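Coordinate analysis (summary)
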Amino acid sequence: MAQAKKRVIAVSGCKGGVGKTVVAVNLALAMTKLGQRVVLMDGNISVPDVEFTLGMNKDGLKGQLSSDFIFSSSAECELASDVYSHQRKCLLDGPSGVRVFTPDPQGEWKDSIQVIQAVELIQDMDDLASDLDTLIIDTAPGLAPDNVTLIQAATEVVVVVSQEDVSVIDAVRQIKLLYRVFNVHQFYIVVNLVSSRRGGAKQFEKLQEYLKDDKEIVLCYLGAIPHDKAVSEAVVKQSALLTLSNDCRAARAFHNIGHQLAKLPVPEPKGRIEFFLPGRIKERI
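Within each chain, residues carry numbers counting from 1 in the order of the written sequence. In view of the model being predicted, local features appear only for residues whose pLDDT reaches at least 70, and side-chain atom pairs are presented and counted only at 80 or more, with totals across whole chains, interfaces and linings using the full set of residues. To get the side-chain values, all heavy atoms of the structure are used, and hydrogens and water are removed first.

**Quick notes on empty space enclosed by the protein**
Spelled out, the test is: Note on definitions: the grid is 1 Å and covers protein atoms alone; a cavity is a set of points where a 1.4 Å probe fits but cannot get out; a pocket is an open set with protein on both sides within 12 Å along at least five of seven lines; lining residues have an atom within 4 Å of a point. Grid points are joined across faces, edges and corners, and a volume is the space filled by probe spheres set on the points. Strands are runs of DSSP state E lasting at least two residues, helices are runs of H or I lasting at least four, and both sets are numbered from the N terminus onward.
For the coordinates displayed, the defined rule picks out one cavity of 30 Å³ or more. For the largest cavity, the calculated volume is near 50 Å³. What lines the largest cavity is simply Val22, Val25, Asn26, Thr53, Val231, Ala234, Val235, Ser239, Ala240 and Leu241. Those elements giving two or more residues to the lining of the largest cavity turn out to be α1 (20-32) and α8 (229-236).

**Thoughts on the pairing of strand β4 (residues 90-93)**
Applied cut-off: Two strands are counted as paired when DSSP detects at least two bridges linking them.
The pairing of β4 with strand β5 (residues 99-102) spans four bridges and is antiparallel. Across the sheet, the residue bridging to Asp93 is Arg99, located in β5. The turn linking β4 back onto β5 is made up of five residues, and Ser96 within it adopts a positive phi angle of 60°.

**Observations concerning the packing of aromatic side chains**
What counts here: Side-chain rings of Phe, Tyr and Trp, where Trp is taken by its six-membered ring, are said to pair if the distance between their centres is within 6.5 Å; with planes under 30 degrees apart they count as stacked, over 60 as edge-to-face, and otherwise as tilted. Using a 1.4 Å probe on the protein chains alone, a residue whose accessible area is under 20% of its type maximum counts as buried, one over 50% counts as exposed, and one in between counts as partly exposed.
Tallying each qualifying case throughout the model produces two aromatic pairs. Seen from their ring centres, Phe204 and Tyr221 are 4.9 Å apart, and the 20° between their planes marks the pair as stacked. One end of the pair, Phe204, is in helix α7 (residues 197-210); the other, Tyr221, is in strand β9 (residues 218-226), and 17 residues separate them in sequence. Here Phe275 and Phe276 contribute two aromatic rings whose centre-to-centre distance is 6.3 Å and whose plane-to-plane angle is 45°, an arrangement assigned as tilted. A single burial state applies to Phe275 and to Phe276, both of which are buried.

**Notes on the nonpolar core**
Here is the rule: Only buried Ala, Val, Leu, Ile, Met, Phe, Trp, Tyr and Cys residues count toward a nonpolar core, and they belong to the same one when joined by side-chain atoms within 4.5 Å. For this analysis, residues touch if any pair of their heavy atoms sits within 4.5 Å.
Counting residues in each nonpolar core, the largest one holds 43 residues, and the members touching the most others are Met125, Phe187, Ile189 and Phe275. Ranked by residue count, the leading element in this core is helix α6 (residues 165-182), at six residues. Contacts of Met125, omitting those with residues within four sequence positions, involve Val39, Met41, Phe101, Leu132, Leu135, Phe275 and Phe276. Counting 41 residues, the second-largest nonpolar core is a separate cluster that includes Val18, Val25, Leu29 and Tyr188.

**Points about the packing of α6 against α7**
What counts, and what does not: Note on method: axes are straight lines fitted to C-alpha atoms, helices fitted across the in-contact stretch only, with angles between N-to-C directions ranging 0 to 180 degrees. Here roughly perpendicular refers to angles of 65 to 115 degrees, roughly parallel to angles under 35, roughly antiparallel to angles over 145, and oblique to all remaining angles. The handedness criterion is simple: a crossing whose near helix is rotated anticlockwise from the far helix by less than a right angle is left-handed, and one whose near helix is rotated clockwise is right-handed.
Following both chains from N to C, one finds α6 and α7 inclined at 45°, their axes separated by 10 Å at the closest point. With respect to each other, α6 and α7 are oriented oblique. Read as a crossing pair, α6 and α7 show a hand that is right-handed. The segment α6 lies against α7, with Asp165, Val168, Ile169, Ala171, Val172, Ile175 and Lys176 engaging Gln203, Lys206, Leu207 and Tyr210.

**Notes on helix α5 (residues 145-152)**
Burial runs high along α5: seven of the eight residues are buried. Buried within α5 we find Asp146, Asn147, Val148, Thr149, Leu150, Ile151 and Gln152. The elements touched by buried residues of α5 are β1 (7-12), α4 (115-124), β6 (134-138), β7 (156-161) and α6.

**Notes on the pattern of salt bridges**
Note the threshold: Just to be clear on terms, a salt bridge is a Lys or Arg side-chain nitrogen sitting within 4 Å of an Asp or Glu carboxyl oxygen.
Counted according to the given criterion, the structure contains 13 salt bridges. The closest approach of N and O atoms between Asp170 and Arg173, which form a salt bridge, is 2.7 Å. Note that Asp170 and Arg173 are positioned in helix α6 at a spacing of three residues, about one turn of the helix. Residue Asp170 is classed as buried on the basis of its relative accessible area, which comes to 10%. For Arg173, a relative accessible area of 49% corresponds to the partly exposed category. With its nearest N and O atoms 3.6 Å apart, the salt bridge here joins Arg180 to Asp214. With a gap of 34 residues between them, Arg180 in helix α6 and Asp214 in the loop between α7 and β9 connect regions that are remote in the sequence. Residue classification places Asp214 among the buried residues on the basis of a relative accessible area of 14%. Overlapping salt bridges bring together Arg37, Arg99, Asp131 and Asp133 as one network.

This is a description of form; function is not addressed.
Here it is in structure tokens:
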């Protein structure tokens, strides 16, 4: 039987502090509530923080290993009994049915990351192809080569900006790099922490103005996340917003964005380094 196409959403933001991780975590929960099998990847290889945002490391406790524990090599399988004494990749059971794929369950800081490590992460996900519908990647801020490699490998790239104009300028840099170097044409925009819907629309219009000369770049506005005290409370409690307050203004915005993304057709392979590429090529043939 032909393998079903997998949706891979890279949640990105060139500037730190725009709420990218909060968007990725709650988007994963929103799509899980739609009945999809969702895996949330912590793509910030040097400073992983998805587990912290979800509260999976409270009181020093780690999330429970999923039954779909992943090893990147047969040699690592032999060391399964001593899993936390080695840096390895694993799948953890998170809240509300979301599973979290982390490149390092010890969460240790790394001072340098190579592109090959990002490529290995992409290849490792092939083992999960039959067990997920949507992969959401919380990428690192900035334009480091390893980070850009993860972003361009997704089927959809979501760029998060805020009401700060500098976040729009940084988003322009990221979009131009992905377009000119990796031939990524389409970008979905989320404006976070807005005081009004109009404020979100204005930021999107500024982004359009900066990129108006690049005719082949397509920008799609998914919507805005309102500045909601419930989000801050969830961060303080180390819990996802949709776990604590599923019907607040910000939660409804996340649900709306999740619905929009779930309705999109999964694009065909582009011929570059991509997630689940072998299965998608086989299906296309």
